[in-house]
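Analysis of the macromolecular model
Single-letter residue listing:
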Amino acid sequence: MKGIKVGNKISKYPIIQGGMGVGVSMHSLAGNVSKEGGIGIISTADIGYKEEDFFKNPMQANIRAIGKEIVKAREIAGNDKILGVNIMVALKNYSEVVKECVKQKIDLIISGAGIPKNLPEYIKNTNTKVAPIVSSLRCCKLIITHWIKKYNYAPDMIVIEGPEAGGHLGFKLEELDEDTKPKLEDITKDVVKYVREIEKEVGKEIPVISAGGIWDSNDIKKFLNLGASGVQMATRFVATNECDASQEFKQAYINAKKEDIKIIKSPVGMPGRAIYNNFIKKTENEKNKIDKCYGCIKTCNIADTPYCITRALINSVKGDIDNGLIFCGSNVSRINKIVPVHDLMKELVSEL
Ligand SMILES: Cc1cc2nc3c(=O)[nH]c(=O)nc-3n(C[C@H](O)[C@H](O)[C@H](O)COP(=O)(O)O)c2cc1C
């Protein structure tokens, strides 16, 4: 079994734990995944929500928390392991967050929820590697062409997020129709073929990683056979002891049935997959009163957003799930117990 190469490090297993905001993948989950041979990803979305001054000064609290979380995750994983962060392009303070992660010598930045046009600019003369998240061959070509033209730099990895993923989805609502939505398998085949050509052109290896709806070892094997170098998984990692979310959040995953999973319109301006709970039902009929803006998302407008996504995600991760938004992947209804990361990793590689 081959791991995933990031700079001069290589993971034991071809598994990345996807970044999950707000506060779902912090130092505990990411550190333990890296320790167990995968690549752990800390989500930087409102990462400072536990800091005392977060409500007064979210930007400063977030920047401060990045350093703290990376240090704690490294203590768990060890310096020889690969540790990454997920940074959403949609964030207003995107460049400050990227710069702070690079300053903290993070191995890998995975960036989606928008097109990370300028990401290579921030990593010049550093060991940090960068991976855009794409949802189609078109989007992949656009980023690679732009990066090579503007920065003479090809991505260090490509993460493909298909329509079964959790959180925000890089598809239009009408593209997510049950019967006609694109298949991750097909996008993977197309992207792998194109990336192999680019690898020859630029003379560097570019691992392609598939994400969204991947459940077990056989699924992983299927994507490796299609030419992917690994997979990114998130939903299954929520149901671990080490996941940083509250017990109530994890229990909502265990309780979720197939009919509870819905595609919602997020204030970020993209569709997202979430558990259809009382909170979502309420916000469909009435606008939530917003008394404080955290200035987090570029596209969010306090005058017309149905609710504050920062507040809704913080509520759910802390356990107030009736007043919170719970993102999930399409496989959430198959979760029925909480296990240690060690056991989940062993199970996921059992057939490889
Ligand atoms: C609770 C939750 C939060 C997520 N938050 C983010 C995020 O902040 N940024 C991001 O790029 N992806 C986010 N994702 C997507 C995951 O990183 C991952 O790519 C995807 O969920 C993989 O599909 P799976 O959950 O079916 O394994 C989130 C997913 C979940 C389940």
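Because the structure is a prediction, the values reported are computed rather than measured.

**Comments concerning the overall build of the protein chain**
For the protein chain, the count of helices and strands is eleven helices and 13 strands. Reported as C-alpha extents along the three principal axes, the dimensions of the protein chain are approximately 55 × 40 × 40 Å. Relative to its 352 residues, the protein chain shows a buried fraction of 58%. Considering only contacts in the protein chain between residues 6 or more positions apart, those separated by 24 or more positions represent 66%. Carbon and sulfur atoms provide 48% of the accessible area of the protein chain, an area that totals close to 15400 Å². Treating the 51 positive side-chain charges of the protein chain as one cloud and the 43 negative ones as another, the clouds have centres 4 Å apart.

**What about empty space enclosed by the protein?**
A probe as big as a water molecule, rolled over the atoms, marks out the empty space that is left. Applying the stated criterion across every chain yields a total of three cavities of 30 Å³ or more. Surrounding the largest cavity, 15 residues form its lining, Cys293, Tyr294, Cys296, Cys300 and Cys308 being those nearest its centre. Looking at side-chain class alone, the lining of the largest cavity contains nine nonpolar, four polar and two charged residues. Lining the second largest cavity are Thr44, Ala45, Asp46, Pro58, Met59, Asn62, Leu91, Asn93, Val97, Tyr294, Gly295 and Cys296. Counting residues per element, the lining of the second largest cavity draws most heavily on helix α2 (residues 58-77), which supplies three residues. Classifying every residue of the lining of the second largest cavity gives seven nonpolar, four polar and one charged.

**Focus on the sheet that holds strand β10 (residues 208-211)**
Taken in spatial order, the eight strands line up as β3-β11-β10-β8-β7-β6-β5-β4 in an open sheet, and their pairing is parallel. Only two strands of the sheet have a single neighbouring strand rather than two, namely β3 (15-17) and β4 (40-43). Geometrically, the sheet is characterised by an average inter-axis angle of 25° between neighbouring strands, direction not taken into account.

**Some points on the packing of aromatic side chains**
Inspection of every chain in the model, using the stated rule, returns five aromatic pairs. Look at Phe54 and Tyr294: their rings are 5.6 Å apart centre to centre, the planes differ by 15°, and that puts the pair in the stacked class. In this pair, Phe54 is assigned in the loop between β4 and α2 and Tyr294 in the loop between α9 (278-285) and α10 (309-318), connecting sequence segments 240 residues apart. Side by side, Phe54 and Tyr294 carry an identical accessibility label, which is buried. Chaining the aromatic ring pairs together yields one cluster made of Phe54, Phe55 and Tyr294. When the ring centre of Trp215 is taken as origin, the NZ or CZ atom of Arg236, which lies over that ring, is 4.1 Å away. Seen from the ring of Tyr276, Lys262 lies directly overhead, with NZ or CZ sitting 4.5 Å from the centre.

**A short note on the domain arrangement of the protein chain**
The domain architecture assigned to the protein chain consists of domain 1 (5-245 + 335-348) and domain 2 (247-332). For domain 1 versus domain 2, the separation of C-alpha centres amounts to 21 Å. Contacts between the two partners involve 41 residues from domain 1, matched on the other side by 32 residues from domain 2. It is Phe55, Lys92 and His168 that lose the most area in domain 1 upon contact with domain 2, and together they represent 19% of the buried surface on that side. Between domain 1 and domain 2 we count zero salt bridges in total. At the surface where domain 1 touches domain 2, the tally comes to 18 residue pairs in polar contact (both at pLDDT 80 or more). Those elements that place two or more of their residues in the side of domain 1 that touches domain 2 are β9 (167-168) and α7 (235-238). Looking at the side of domain 1 that touches domain 2 residue by residue, the classes come out as 24 nonpolar, eleven polar and six charged.

**Brief notes about the site of the ligand**
Near the ligand you find 21 residues, and of these Gly19, Glu161, Gly213, Gln232 and Thr235 are the closest. One nitrogen or oxygen atom from the main chain of Gly19 is found 2.9 Å from an oxygen atom belonging to the ligand. The separation between a nitrogen atom of the ligand and a polar main-chain atom of Gly21 is 3.1 Å. About the coverage of the ligand: the protein hides 96% of its 610 Å² of free accessible area. Residue assignment for the shell around the ligand shows that the elements contributing at least two residues are β5 (83-88) and β11 (230-233). Among the residues making up the shell around the ligand, the classes are represented as nine nonpolar, ten polar and two charged.

**Quick notes on the packing of helix α1 (residues 27-35) against α2**
Remark: α1 packs on α2, axes separated minimally by 8 Å, with the N-to-C direction vectors making an angle of 35°. In this structure, α1 crosses over α2, and the sense of that crossing is right-handed. In this structure, α1 uses His27, Ser28, Gly31, Asn32, Ser34 and Lys35 to contact α2, whose residues at the interface are Glu69, Lys72, Ala73, Ile76 and Ala77. A per-class count over the contact of α1 with α2 returns three nonpolar, five polar and three charged.

**Digging into the sheet that holds strand β12 (residues 261-265)**
Pairing within the open sheet is antiparallel, and its three strands lie in the order β9-β13-β12. Because the sheet does not close on itself, it has two edges, and the strands there are β9 and β12. As judged from the two bridges shared by β9 and strand β13 (residues 271-275), these two strands associate in the antiparallel manner. For His168, the partnering residue across the bridge sits in β13 and is Gly272.

Definitions and cut-offs
Residues numbered from 1 in each chain as written. Predicted model: local features only at pLDDT ≥ 70, side-chain atom pairs only at ≥ 80, totals over all residues. Heavy atoms only, no water. Helix = DSSP H or I, 4+ residues; strand = E, 2+ residues; numbered from the N terminus. Buried < 20%, exposed > 50% of the residue type's maximum accessible area, 1.4 Å probe, protein only. Contact = heavy atoms within 4.5 Å. Areas by Shrake-Rupley, 256 points an atom, 1.4 Å probe, with all protein chains shown as cover. Lys, Arg positive; Asp, Glu negative; His and termini not counted. Charge placed at Lys NZ, Arg CZ, Asp CG, Glu CD. 1 Å grid on protein atoms, 1.4 Å probe; cavity = no way out; pocket = protein on both sides within 12 Å on 5 of 7 lines; lining within 4 Å. Points joined across faces, edges and corners; volume = space filled by probe spheres on them. Nonpolar A, V, L, I, M, F, W, Y, C, P; charged D, E, K, R; others polar. Pairing = 2+ DSSP bridges. Axes fitted to C-alpha atoms, helices over the stretch in contact; angles between N-to-C directions. Phe/Tyr/Trp six-rings, centres within 6.5 Å; stacked < 30°, edge-to-face > 60°. Lys NZ or Arg CZ within 6 Å of the ring centre and 35° of its normal. Domains from an automatic or database assignment. Buried area = accessible area lost by both parts, 1.4 Å probe. Salt bridge = Lys/Arg side-chain N within 4 Å of Asp/Glu carboxyl O. Polar contact = N/O pair within 3.5 Å; in protein donor to acceptor, adjacent residues only side chain to side chain. Near = heavy atom within 4 Å. Left-handed = near helix turned anticlockwise from the far one by under 90°.

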